Amino acid sequence: MTGPEPDPTPTTGSAAYRIVVMTVSALTIGLCVSLAAIAFVDLVFWLNNVLLVSPRTRVQVDGMPWLIIAATLLVPVIGGLLVGTLIARFSPEKRPLGPPDVIRAVQLAQTPPGVRAGLVSTLASVISLGFGASVGQYGPLVYLGAMMGNLPSRLNLRIPNFPAIAMACGVAAAISTAFNAPIAGLVFAHEVILRHYSMQAFAPTTVAAATGYVVANVMFEREPLFLVQFDGVAYGYEFMLFAVLGLLASIVAIAFMRLTLRSAAFAASTPIRPALRPAVAGLAVGLTALWLPDVMGVGREALRFATIEGAFLTWELALLVVAKIALTALCVGFGFAGGVFSPALLIGILFGALCWMLLDATGAIATSGIVAYAICGMMAVTSAVIGAPLTTILIVFELTRNYDLTIAAMVAVVFSNLVVYRVFGRSLFDVQLARRGIDLSAGRDRAWLSTQRVSGLSSTTFDRCSPRDRAYAVLARTHRNEVFALDTEGRLEGIVDTRSLADDPSTRIASVMAPPNLHFDETTTLPDAMRMLEGFVGDTIPIIDTTSERMTGVVKETAVIRAYLDAIDGLRREENAPA
Amino acid sequence: MRLHNLLTMALMAFPVPAGAENDITVVSWGGVYEAAQRQAIFDPFTAATGITVETETYSGGVDALRTRSAEAGWDVIDMIEDQAIRACDAGLLTEIDAGEIAPDSARKDFLPGSFRPCSVAQNVYATVFAYDDRAFLGEKPVSIADFFDLERFPGKRALLRDPDVILEWALMAEGVPIGQVYDLLSTDRGLRLAFRKLETLRGSILWWKEVGTPAAMLADGRAVMASGYNGRFFSAAQEEGFPITIVWDGHVVSTDVWAIPSGTEREKAAKRFIRFATAPERMAALAELIPYGPTRRSALSRIGLHRESGVPMRDRLPNSPQHESRALYGDTVWYARTRALRKRRFEAWLQGE
């Protein structure tokens, strides 16, 4: 068993070597991820155009209404069949990958799923998005970034914490490129992926995020996701309203996340084969889109309309919020490959606009217009879903370059997060991971320690005897202080302190052995062991297999304490690592 | 000058009989634009080849090709690109092989997308709005939102009776960023929003049809703001001295093309004409007379001062760098394919009057 990083001193190069290698790696990762992200987005865009998902091409076949109906119904279904087949046939993981997989790999210092699974998942998400499924693009981009960031780890670069930092670099570059927001990319990598600040990680992720920004802006001149005009918050009391909006948004966020989780559980309980499930969700999207075309794909047009007063009627907004929540939960749960980030943006902005419309309809209070409320709603819902309040605040700042709007969004975001954190959890990703047995809610150290089992520290060399043996026979065979009395099946009956045997060599073991007051099994984790060791007297603790009930080995108390201290020290070193 | 223009236009209204072998008939838009073309292209063409250029005037559209072309013996026509695309789809134009107009090496000099099956891009123009300086003595309109602001800038607006451009402007005035105008206008919601904005101007609109009219409406005080082509407003201000100011905000940059009506009997001479007219020096010469930007990069560097007023012409072009950030580059294919829909909705809106 090792710490998050084996003791680095003997294998690492000089500080200058580390800085140079880390910077070059960050630049390379940033450049490659950024280009890949642009290719991803462009491919989706092209598919949307060709397959008549985007309104701009749909309107050009205005003369052929049957074609639009056929495309609306068939395209998401065909996309679903392709995605289902792709994942079921070619993915070793048999599921699409996303941010939770990255978080797991980074937090637990584990190897992420293989490149093949990653490529299949990425292709599946291109198809999902391209064929109009109601899923988001940022989750797949985050995974793509982490996957590419993990590639240099195959070279033995002799840098502590390299895999985690390199994956964070990839994620930072992906977000930086996709949102045109380098600071948000950098913060996202820390807030969601790394979950600590160290200069060693901060410097390269900054380089990667800046590289992504340069590629997106200088080389390709990408349009930002949205631009809004906002003249400032007119009335001080509106900040109270933003806080209330944040609280209301938390309800929407919780409903969205609960439904997404439940939809996945429901999908698993249906008799429909996994390969066919996405097609079912696709059919639902197509049928809904016949009446509500805004639900298809990422919904860039609806995102923009939500900030324009009067673009939607009140009931239209309410209907769209409900439809988008239901369809996204269905699409994600039924196996389309894609994220929840962009749908959360859309749901949130529509909800914010809805709240403003209702408020405005009362005529009771003067407000500074729909924009602030729409943006606050958008960020309040999104930040709670992805568990990244700082990132979302910065996204507002970088996309709108509007200070007033950022402060307004900040208020809404914090109140939404407060509620969701208490009622639901830190984010959808964390809850998904918790359901897979990885609980990050008590902190990254606890989560990491919880994956460390004491059985890994055990030794199978211990002295055993039978309860029927005589003391002198045992003494003749051992020089240890403790001997374990096992029955014929190998089950532990008691523990003998050999120092007490010399007094009466003819006595039977059964009469002097002490009942085992403490044992570990193969599932005991380091923190459990530390807790159980309180008040323990002795040198070694037996390990007993839960199924066979046989004793399989022993672990020394000092080894447990040593491993615990090493693990804590490894995390401490990672979090305080200099550049 | 204006009287002269009107006379020219009146004369052009009579169809010129199909001339001798050494004539070609070029159809253009009349007025100062056609006068500039004569000076920069038609006369030099005659001098170089001995082929006389007869001109006819029309006001754009695809229907003119159906109704007038054959009878009047049209050989070359100056068209707006999206109309040329529709005319090409309808089989009203002769296909033009790009190689016949420019060799491979020269084609790279043209802006991307200049060669389409039936047309060759010749210049870029902008649909802008301009205002009468005398109408607003204090605050001046500076943005497309001001065009729709009847409170701060009261008065009649002269607009082309057509769904092109005005719907785009309506969305921009609602705060839609230029890069998303076509995306949003492609949705039913976007169209409704645009017409809702247009509705706020109802009762304050004077419709125009002839391209020379908007400048005239500003000049004689009938309207305080008008949509129109930047070259026409430029001429009215620089050459005729009217107090007209162009607002470079949300201007829609479109492409003007040369095309050959199907059924011409002088296809060879027509192609020879287009070859001549799209040479960089001819494009530059035209741009020195009227601020329509060349479609060849090498032509841009040749453009000097306006021949009469001495104004540096590169600053006045729709594709000059300082106008870039607030320009909407027209998606001609989108225009061509959505024409029927927008026209239908526009007519329905007009019915509401």
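Residues numbered from 1 in each chain as written. Chains lettered and ligands numbered in written order. Predicted model: local features only at pLDDT ≥ 70, side-chain atom pairs only at ≥ 80, totals over all residues.

Draft legend 1. Region of the structure containing the overall build of chain B. Of regular secondary structure, chain B possesses 17 helices and 11 strands. Here the C-alpha radius of gyration of chain B, 20 Å, is about what a compact globule of 353 residues would show, namely 20 Å. Its C-alpha atoms give chain B principal-axis dimensions of about 60 × 45 × 40 Å. A total of 353 residues make up chain B; the buried ones form 52% of that total. Relative to all contacts within chain B whose residues are 6 or more apart in sequence, the contacts with residues 24 or more apart total 73%. (Helix = DSSP H or I, 4+ residues; strand = E, 2+ residues; numbered from the N terminus. Rg over C-alpha atoms; globule rule 2.2 N^0.38 Å. Buried ≥ 20, exposed ≤ 12 C-beta atoms within 10 Å, placed from the backbone. Contact = placed C-beta atoms within 7 Å.)

Draft legend 2. Spatial organisation of unusual backbone geometry. Residues and elements named next belong to chain A. We note that K94 has phi near 60 degrees; this positive angle belongs to a residue other than glycine. Mapped onto the fold, K94 is located in the loop between α3 (65–90) and α4 (99–107). Of the residues examined, K94 has 13 C-beta atoms within 10 Å and is grouped as partly exposed. A positive phi angle, near 50 degrees, is found at A109, a position not held by glycine. Position of A109 among the secondary structure elements: in the loop between α4 and α5 (115–130). By C-beta crowding, A109 is classed as partly exposed, having 19 other C-beta atoms within 10 Å.

Draft legend 3. Focus on the sheet that holds strand β1 (residues 464–465) of chain A. Residues and elements named next belong to chain A. Read across the open sheet, the three strands follow the order β1-β2-β3; overall the sheet is mixed. Either end of the sheet is taken by a strand with one partner, and the two such strands are β1 and β3 (492–497). Two strands pair when backbone bridges link them, and strand β2 (residues 482–486) and β3 are joined in this way by five bridges, in the antiparallel orientation. Among the inter-strand pairings, L486 is bridged to a residue of β3, identified as L492. (Pairing = 2+ DSSP bridges.)

Draft legend 4. A look at the packing of helix α9 (residues 166–173) of chain B against helix α11 (residues 188–199) of chain B. Residues and elements named next belong to chain B. In the contact formed by α9 and α11, the axes pass within 8 Å of each other and the chain directions differ by 85 degrees. One element, α9, and the other, α11, form an angle in the roughly perpendicular class. Contact residues: I166, L167, A170, L171 and A173 in α9; G190, L193, A194, K197 and L198 in α11. Of the residues that constitute the contact of α9 with α11, the class distribution is eight nonpolar, one polar and one charged. (Axes fitted to C-alpha atoms, helices over the stretch in contact; angles between N-to-C directions. Parallel < 35°, antiparallel > 145°, perpendicular 65-115°, else oblique. Nonpolar A, V, L, I, M, F, W, Y, C, P; charged D, E, K, R; others polar.)

Draft legend 5. Main features of the packing of helix α1 (residues 15–50) of chain A against α5 of chain A. All names here are of chain A. Two elements in contact, α1 and α5, have axes separated by 8 Å at closest approach and are oriented at 40 degrees. The chirality of how α1 crosses α5 is right-handed. Along its contact with α1, which presents F40, L43, V44, L47 and N48, the element α5 presents V126, L129 and G130. Considered class by class, the residues forming the contact of α1 with α5 number six nonpolar, two polar and no charged. (Left-handed = near helix turned anticlockwise from the far one by under 90°.)

Draft legend 6. The arrangement of the interface of chain B and chain A in detail. Each side of the interface is counted separately: chain B has 19 residues, and chain A has 17 residues. Taken together, the elements giving at least two residues each to the side of chain B that touches chain A come down to α10 (181–185), α11 and α17 (332–351) of chain B. Top contributing element to the side of chain B that touches chain A by residue count: α17 of chain B, with five residues. Class assignment for the residues of the side of chain B that touches chain A results in eight nonpolar, six polar and five charged.

Draft legend 7. Up close: the domain arrangement of chain B. Residues and elements named next belong to chain B. Entries for chain B in the domain assignment read domain 1 (2–124 + 255–319) and domain 2 (125–253 + 323–351). For domain 1 and domain 2, the distance between their C-alpha centroids amounts to 25 Å. Contacts between domain 1 and domain 2 engage 25 residues on the former and 23 residues on the latter. Residue assignment for the side of domain 1 that touches domain 2 shows that the elements contributing at least two residues are α1 (2–12), α2 (31–49), α5 (81–89), β5 (119–132) and β9 (244–259). Take the side of domain 1 that touches domain 2: its biggest share by element is four residues, from α5. Taken together, the residues of the side of domain 1 that touches domain 2 sort by class into 10 nonpolar, eight polar and seven charged. (Domains from an automatic or database assignment.)

Draft legend 8. Main features of the nonpolar core. Ranked by internal contacts, the top residues of the largest apolar core, which has 297 residues, are A168, V171, A353 and A412 of chain A. Not counting the four nearest positions on each side in its chain, A353 of chain A is found in contact with A306, F312, L317, I370, Y373, A374 and G377 of chain A. (Core = buried A, V, L, I, M, F, W, Y, C linked by C-beta atoms within 7 Å.)

Draft legend 9. Quick peek at the confidence of the model for chain B. All names here are of chain B. Mean pLDDT over chain B stands at 88; residues scoring 70 or higher make up 94%. Scored below 50 in pLDDT, residues 10–20 shows 11 contacts in the model against residues more than four places distant or in partner chains. Overall fold confidence (pTM) sits at 0.84, and the ipTM for the predicted complex is 0.79. (pLDDT = per-residue confidence, 0-100.)

Draft legend 10. Just helix α23 (residues 557–575) of chain A, in detail. All names here are of chain A. Counted at 1.5 Å a residue, the expected span for α23 with its 19 residues is 27 Å, and the 27 Å between its end C-alpha atoms agrees. Among the residues making up α23, those that are buried are V560, A563, A567, G570, L571 and E574. On an axial view of α23, the arc spanned by its buried residues comes to 90 degrees, and they lie on one face. In α23, the exposed positions that point more than 90 degrees away from the buried face belong to T558, R562 and L565. Of the surrounding elements, those touching the buried residues of α23 are α19 (444–450), α22 (526–532) and β5 (551–556). (Expected span 1.5 Å × (residues − 1). Arc of directions from axis to C-beta.)

Draft legend 11. Representation of the environment of R446 of chain A within the structure. Residue and element names in this part refer to chain A. Of note, R446 is situated in helix α19. Accessibility expressed as a C-beta count within 10 Å gives 14 for R446, which makes it partly exposed. Once the C-alpha coordinates of R446 and E493 are considered, the two residues, 47 residues apart in sequence, prove to be 33 Å apart.

Draft legend 12. Local environment of the pairing of strand β3 (residues 76–80) of chain B. All names here are of chain B. Counting buried positions over the five residues of β3 gives five, a clear majority of the element. Residue alternation in β3 divides its side chains into two sets, V76, D78 and I80 and I77 and M79, and both sets are buried. For β3 and β9, the ladder comprises four bridges, and the chain directions are antiparallel. Paired with I77 across the bridge in β9 is A259.

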